Amino acid sequence: MSRVYNFSAGPAVLPEEVLQEAADEMLDYRGCGMSVMEMSHRSKVYDNIIKEAEADLRDLMNIPDNYKVLFLQGGASQQFAAIPMNLMKNKKAAYIVTGQWAKKAFQEAKMYGDAVEVASSADKTFSYIPDCSDLDIPEDADYVYICENNTIYGTKFKELPNTKGHTLVADVSSCFLSEPVDVTKYGVIYGGVQKNVGPAGVVIVIIREDLITDDVLPGTPTMLKYKTQADADSLYNTPPCYGIYICGKVFKWLKKMGGLEVMKQRNEEKAKILYDFLDQSKLFKGTVVPKDRSLMNVPFVTGDADLDAKFIKEATEAGFVNLKGHRTVGGMRASIYNAMPKEGVEKLVEFMKKFEEENA
Ligand SMILES: *Cc1c(COP(=O)(O)O)cnc(C)c1O
């Protein structure tokens, strides 16, 4: 067996321990004589799996009792519609557009009501986070929407926007569980898990209870109503059982590692290794304004498309895979999620140094 250093933006690297444990339990989950994939989602055994996953997530994120945790399907993209359908009581919402995912959410919301762009960083290819301390937010906006970590462009909100009392909704797909968060600052926090938490197919929605009502837009599908899912404890229909089981294992791994405060320190250390190198390199340079840099997704370029391609090819051969940047930014992007070991980043930087010397 040989595992590569996988810098994919998502689906992405998972802790090896978790994969090993899942492999050990594949044929016979703890004496059940069957795989978790084969068991009823209504069984006692599965009930324990999903309840424990929720309890561990609550523990990790310190989620208050007046928030529900939902394990849903349809990815983060499904939430682009579910959010306006459930929350647009006044049919108005404010969107901060800091990248492709925020833009997609914004465009989707326009189908359901008056979605207003209150800030954007499109003017500089989304390479920074706009000042959100004093935005012109419509009085009657039902919520303010952000994508907290911009997976493609490598920016992160280091400070949440001043919503002027409005409910904050955040897509945290690519920074989920990478550092502690104050859940009480949000109405809804949600994310697809395939970036930093688990296998594709699960989206986790953490939502304040008062936002879960029957008062949704006409035509909202039963499955997309938060109330349906909350009332049924995420078991209205068959949930993504196996994916939730793996997420549960990742939560246990995070707790064992010391929790989110420790993950934050580790992630800062890892990102610093790469950013420090980029800041002094004569060949490579980061594409993001330093103060808005993500700890999770690090885009960089040489400025020469042929040299970028050569780097990606040679890196792949050396076991550093999925470093190709998004087509709208070009160059490279190293996603260094929780499960990427520090050693992976150190070795990547060594490789970059060597490439720089050879191509000076
Ligand atoms: C990947 C990603 C999405 C889309 O996730 P899907 O689960 O594929 O729908 C949305 N938002 C962010 C921030 C992402 O990184």
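Structure: above.
Keep in mind it's a predicted model, so treat the numbers as computed, not measured.

1. Looking at the site of the ligand
Link 1 in the chain: Contacts to the ligand come from G75, A76, S77, F80, W101, C147, N149, T151, D171, S173, Q194 and K195.
Link 2 in the chain: One of the side-chain N or O atoms of S77 is found 2.6 Å from an oxygen atom in the ligand.
Link 3 in the chain: In isolation the ligand exposes 390 Å². Once the protein is present, 87% of that is buried.
Link 4 in the chain: Each residue belonging to the shell around the ligand can be placed in one class, and the counts come to 4 nonpolar, 6 polar and 2 charged.

2. A word on empty space enclosed by the protein
Link 1 in the chain: Using the criterion set out here, one finds 1 cavity of 30 Å³ or more in the structure.
Link 2 in the chain: One number sums up the size of the largest cavity: a volume of about 30 Å³.
Link 3 in the chain: If you trace the largest cavity, you find it lined by V13, L14, P15, N196, V250, W253, N338 and A339.
Link 4 in the chain: Across the lining of the largest cavity, the residue classes break down as 6 nonpolar, 2 polar and no charged.

3. Some words on the sheet that holds strand β9 (residues 188–192)
Link 1 in the chain: Pairing within the open sheet is mixed, and its 7 strands lie in the order β2-β10-β9-β8-β5-β3-β4. On the outer flanks of this sheet lie β2 (67–72) and β4 (114–120), each paired with one strand and no other. Taken over all neighbouring pairs, the strand axes of this sheet differ in orientation by 20° on average, direction set aside.
Link 2 in the chain: Pairing geometry for β9 and strand β10 (residues 203–208), over 5 bridges, is antiparallel. From the neighbouring strand, V188 faces β10, where its bridge partner is I207.
Link 3 in the chain: Helix-sheet contacts for helix α4 (residues 100–110) involve β3 (92–97), β4, β5 (144–147) and β8 (168–171), and the interaxial angle to β3 is about 160°.

4. What to know about helix α2 (residues 44–61)
Link 1 in the chain: Helix length check: α2, at 18 residues, gives a terminal C-alpha distance of 26 Å against a target of 26 Å (1.5 Å per residue), a fit within 8%.
Link 2 in the chain: If you check which residues of α2 are buried, you get Y46, D47, I49, I50, A53, D56, L57, R58, L60 and M61.
Link 3 in the chain: Buried-residue contacts for α2 involve β2, β9, β10, α6 (241–257) and α7 (260–280).
Link 4 in the chain: Downstream of α2 by a residue or two, N62 has a phi angle that is positive, lying close to 55°.

5. Topic: the pairing of strand β14 (residues 332–335)
Link 1 in the chain: What you see with β14 is no split at all: M332 and A334 on one side and R333 and S335 on the other are buried throughout.
Link 2 in the chain: Relative to β14, strand β12 (residues 297–301) runs antiparallel, the two being bridged by 4 bridges. Within β14, the residue paired with V298 across the bridge is A334.

Scoring rules and cut-offs
Residues numbered from 1 in each chain as written. Predicted model: local features only at pLDDT ≥ 70, side-chain atom pairs only at ≥ 80, totals over all residues. Heavy atoms only, no water. Near = heavy atom within 4 Å. Polar contact = N/O pair within 3.5 Å; in protein donor to acceptor, adjacent residues only side chain to side chain. Areas by Shrake-Rupley, 256 points an atom, 1.4 Å probe, with all protein chains shown as cover. Nonpolar A, V, L, I, M, F, W, Y, C, P; charged D, E, K, R; others polar. 1 Å grid on protein atoms, 1.4 Å probe; cavity = no way out; pocket = protein on both sides within 12 Å on 5 of 7 lines; lining within 4 Å. Points joined across faces, edges and corners; volume = space filled by probe spheres on them. Pairing = 2+ DSSP bridges. Helix = DSSP H or I, 4+ residues; strand = E, 2+ residues; numbered from the N terminus. Axes fitted to C-alpha atoms, helices over the stretch in contact; angles between N-to-C directions. Contact = heavy atoms within 4.5 Å. Expected span 1.5 Å × (residues − 1). Buried < 20%, exposed > 50% of the residue type's maximum accessible area, 1.4 Å probe, protein only.

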